Amino acid sequence: GADPSARQLCFAWGPAEVLVCETRFGRAGGSRSRSRPLSRPGSRALTGSVAGTGEGDAGSSRVFVVRRDQDIYIQTLRKLFNESHGIFMGLQRSEEELAGRSRKAQLVQVSKNYRSVIRACMEDMHQAAVSARDPALHGQYSTQVSILSAMELIWNLCEILFVEAAAAGPLLLRLLDWVRLHVCDVDSMVREVLSSENPSKHKLFWNVVDVFVLQGRMDEARHLLSKEATANPTSMNMYKILDDLMKKMPVPSLGNTQTLTELELKWQHWHEECQRYLQDGTFASSPHMESICKILLGDEEAILEKKELLTTWYHFLVTRLLYSHPTVKPMELRFYAQSSMDLFLGGETSPEPLDMILMAAFEFEMHQVIKECSIVLSNWWFVAHLTDLLDHCKLLQSHNLYFGSNMREFLLLEYASGLFSHHSLWQLGVDYFDHCPEFGRVYLELHIERIPLNTEQKALKVLRICEQRQMHEQVRSVCKIMAMKALRNNRLGSALSWSIRAKDAAFATLISDRFLKDYCERGCFSDLDLIDNLGPSMLLSDRLTFLGKYREFHRLYGEKRFPEAARLLLTLMTAHIAPCSFWMTLLTDALPLLEQKEIIFSAEQTYELMRCLEDLTAGNRDKQKLQEDDVETTKVEMLRLALARNLARVIVKEGTVEGS
Amino acid sequence: DNADSSTLHAVTFLRTTEILTVNSIGQLKIWDLRQQRNEPSQIFSLAGDRVPLHCVDRHPNQQHIVATGGQDGMLSIWDIRQGSMPVSLLNAHEAEMWEVHFHPSNPDHLFTCSEDGSLWHWDASTNVSEKPSFLHQGGRSTAYLSHSTINQSVVSAWLSNDPTKDRMEITNLIPNQTLSVNSLDVLGPCLVYGTDAEAIYVNRQLFA
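An unreviewed UniProt entry lists chain B under the name NUP43 protein, from Pitta sordida.

Under an unreviewed UniProt entry, the name given to chain A is Nuclear pore complex protein Nup85, and the source organism is Pitta sordida. UniProt annotates chain A under Subunit (unreviewed entry) with the comment "Component of the nuclear pore complex (NPC)."

Caption draft 1: Quick peek at the packing of aromatic side chains. Residue and element names in this part refer to chain A. Throughout the structure, instances matching the rule amount to 23 aromatic pairs over all chains. Each ring, one from phenylalanine 553 and one from tyrosine 557, has its centre 6.4 Å from the other, and the planes form 50 degrees; the classification is tilted. Here phenylalanine 553 and its partner tyrosine 557 are both found in helix α26 (residues 542-558), four residues apart, which amounts to about one turn of the helix. A relative accessible area of 29% means that tyrosine 557 is categorised as partly exposed. A connected cluster of aromatic rings, assembled from ring pairs, spans Tyr519, Phe546, Tyr550, Phe553, Tyr557 and Phe562.

Caption draft 2: Structural context of the sheet that holds strand β3 (residues 27-32) of chain B. Residues and elements named next belong to chain B. Spatially, the four strands line up as an open sheet ordered β1-β2-β3-β4, and their pairing is antiparallel. Sheet topology places β1 (8-15) and β4 (42-45) at the edges, where each strand pairs with a single neighbour. Neighbour to neighbour, the strand axes of the sheet diverge by 20 degrees on average, direction disregarded.

Caption draft 3: Representation of helix α10 (residues 287-296) of chain A within the structure. Residues and elements named next belong to chain A. Among the residues of α10, Met289, Ser291, Ile292, Cys293, Ile295 and Leu296 are the ones counted as buried. Of the surrounding elements, those touching the buried residues of α10 are α6 (205-214), α7 (218-231), α8 (236-248), α9 (260-280), α11 (300-305) and α13 (313-324). One or two residues past the end of α10 sits glycine 298, with phi positive at roughly 80 degrees.

Caption draft 4: Structural context of the environment of valine 636 of chain A. All names here are of chain A. Inspection of the secondary structure assignment puts valine 636 in helix α30 (residues 630-659). Taking the C-alpha atoms as reference points, valine 636 and arginine 450, 186 residues apart in sequence, are found 52 Å from one another. Valine 636 has contacts with Met584, Leu613 and Thr617, leaving out every residue within four places of it along the chain.

Caption draft 5: The arrangement of the sheet that holds strand β6 (residues 65-70) of chain B in detail. Residue and element names in this part refer to chain B. Strand order in the open sheet formed by four strands is β5-β6-β7-β8, and the pairing between neighbours is antiparallel. The open sheet is flanked by β5 (53-58) and β8 (88-91), the only strands paired with a single partner. Sheet twist, expressed as the mean angle between neighbouring strand axes with direction ignored, is 20 degrees. Alignment of β5 against β6, held across five bridges, turns out to be antiparallel. Pairing of aspartate 57 across the sheet is with alanine 67, part of β6.

Caption draft 6: Representation of the packing of α13 of chain A against helix α15 (residues 353-362) of chain A. Residues and elements named next belong to chain A. Direction vectors running N to C along α13 and α15 enclose 30 degrees, while the axes themselves pass 11 Å from each other. In terms of axis orientation, α13 runs roughly parallel to α15. In contact with Trp313, Tyr314 and Leu317 of α13, α15 contributes Asp355, Leu358, Met359 and Phe362. Class assignment for the residues of the contact of α13 with α15 results in six nonpolar, no polar and one charged.

Caption draft 7: Looking closely at the environment of glycine 73 of chain B. All names here are of chain B. The residue glycine 73 is located in the loop between β6 and β7 (74-79) in this model. A relative accessible area of 0% means that glycine 73 is categorised as buried. Sequence spacing of glycine 73 and aspartate 108 is 35 residues, and the spatial spacing of their C-alpha atoms is 20 Å. Dropping the residues within four chain positions of it, glycine 73 is found in contact with Leu90, Ala92, His93, Ala95, Glu96 and Met97.

Analysis parameters
- Residues numbered from 1 in each chain as written.
- Chains lettered and ligands numbered in written order.
- Predicted model: local features only at pLDDT ≥ 70, side-chain atom pairs only at ≥ 80, totals over all residues.
- Heavy atoms only, no water.
- UniProt positions renumbered as here; feature names shortened; annotations may be inferred.
- Phe/Tyr/Trp six-rings, centres within 6.5 Å; stacked < 30°, edge-to-face > 60°.
- Helix = DSSP H or I, 4+ residues; strand = E, 2+ residues; numbered from the N terminus.
- Buried < 20%, exposed > 50% of the residue type's maximum accessible area, 1.4 Å probe, protein only.
- Pairing = 2+ DSSP bridges.
- Axes fitted to C-alpha atoms, helices over the stretch in contact; angles between N-to-C directions.
- Contact = heavy atoms within 4.5 Å.
- Parallel < 35°, antiparallel > 145°, perpendicular 65-115°, else oblique.
- Nonpolar A, V, L, I, M, F, W, Y, C, P; charged D, E, K, R; others polar.

This is the structure:
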């Protein structure tokens, strides 16, 4: 692909894509690449398509099409975007005045809502994967499922550590829930054993018991063990002791029934009791039960033996904490986390990005978490929403980025910009921009003008959005686009109504000129119902007013209200509403009025008409006389004749009236 | 072709031989299919601003009663037998009203949906109790509106004019308004509507 480190790149924005090509200039220094999408190779889907011819320098002959956001086009993720938009809006609008616990409970609920949306999406995606026939599609869906499940894993942990900020005690319980929810590789094995007729004879029986113990599911473990005990009466003694120990194990409780110190004391006693039994060799005859006892004692080696059942280092971490430090404080997590990961991975495998993100979370490095997630994930959805939530929890200090806005705003802007290239999700983007105080409006102004307006309803929605936010420039621009479209399709009436909405005088003038031209060519008006009913919007532009009034003249003429028609005609010329080019037509229209039996024009009016005619012909005399139409000269002569005759008649008439 | 000079926004049958259209300069037109002309047989419009009309529906039983919804969210009830002005103008939504529907079997009920994200249920049945009771379930809110009338006609609840006697009950059926409700339809006890959030909602117990 294009190499930003070798050459400078130039780019051009398109409606949904960016075109990038290398220039001839080498990179000077380590300056920031101008085209941001390319500087994060892991997080953008860079579809390179070779276009353009090869000329000039070798290596500068390809144009790349950078598509902004592939994920938004995945059908099954639409629910994710739409639902999370609803949750986001709810969060922005929620009560800020609620302080303390109720606010925290509210934020935790929001977090849970986000997670349930992710899970719902995961379900859909899973269904799609299962029913997909095409293996490539199946693969794609399966990848998505694992990505979504990783996202939920991370979000859940962040909820426990940051949003809920669980304190020592409940912290462990939450972490246990977290592990139980997310380590599901063993589920099928568990199901198999439980549903078999004789579980205790199943070869995986002890594995399942171990799983329960490792996850702290004491009741279920005891239940299974009881089956073993009934089947194997010789181990009844051992079973009873083990069962008793497991029953008595002290765990943190969610309510305030005991303080940490009490718990620690109880736990200490219990731990010693287990120790005694182990050392007495009570479980010597059953290696399985012995290992369970060792696990109960928090023996790391014993726990590590069950690596395949743990499957992940964070499971190991939580189990370790459960059996050695149940009253762990949040701030102590980091040490245990680091050592757990080292012990579990044992130097054989290196940590994966997911592991690094979780580690950052355990270390309470929120910014690190967000940064790592941004790099790894291909879409801004996750980091934008998580950061917004954390910001509402007042956990992020304003971390000023290079462009002057804070991190939350930056991420939301990026996410929303990505939405705008989608034909229908752009509306969600509008709301996101609204909640970015510093740059949201500017971004919105730029983006909303570039939405392709394929239907009128879409244009109306865009207009409504712009008008609500007083973006007058954009209103005018959108209306102009729609009016031009209508004009190109010869829908003059539509074009006119768009320019009226935009209060765009210049365009209205243009359209009126078109109308008048059409009239001159065809001799009749199109779109009468529009022009007849212009109402007050007629005053938008002079030309439009003229059009309306001219049409009115025709109407009056049709209704044979000649004096009024005459007066209107004269006003049109004398008040200079009519454009000069049209005067000839107007005068020609006056001709039949002049020729009527009854006298319509008064002397004054006739003088005015003559003056207009003279003005007109005076102007024309300077132009090429040779070019003059025969028709034109005839017309002028006829007019002069008619005017003179009318004048004669009118003087006589007026003279007579005054006399008698 | 070329029936109207500005965009036609909605069309519906009035009778088997007549159709109604509304357009973007606020005109309601009746076209007679039996006649061969290319012009409407009647044009109605509001005086004043040419507010575009987006939707039209006629009363299922009384075919002279027509309801239209406009860009400013106003609901207009027309009696097309008389006059060229609407019978009542009801200030409803805050943004474009996209669709209006009379309930096919209970025509005293009208439904409108709008860009502002709300879906209103207008209940003009005459056995509404005298004392207004405010039903608050979650986000539902009821408002009583006595409509201002322009014309006098006594036949149907929609056209009646006595503000003190007739009160209309209006309910917003959507608790959390965010994005526009673009379309709706109603049949029996079922209401279905679709929003800009790419979701379709079905409400099966309208009159419960």
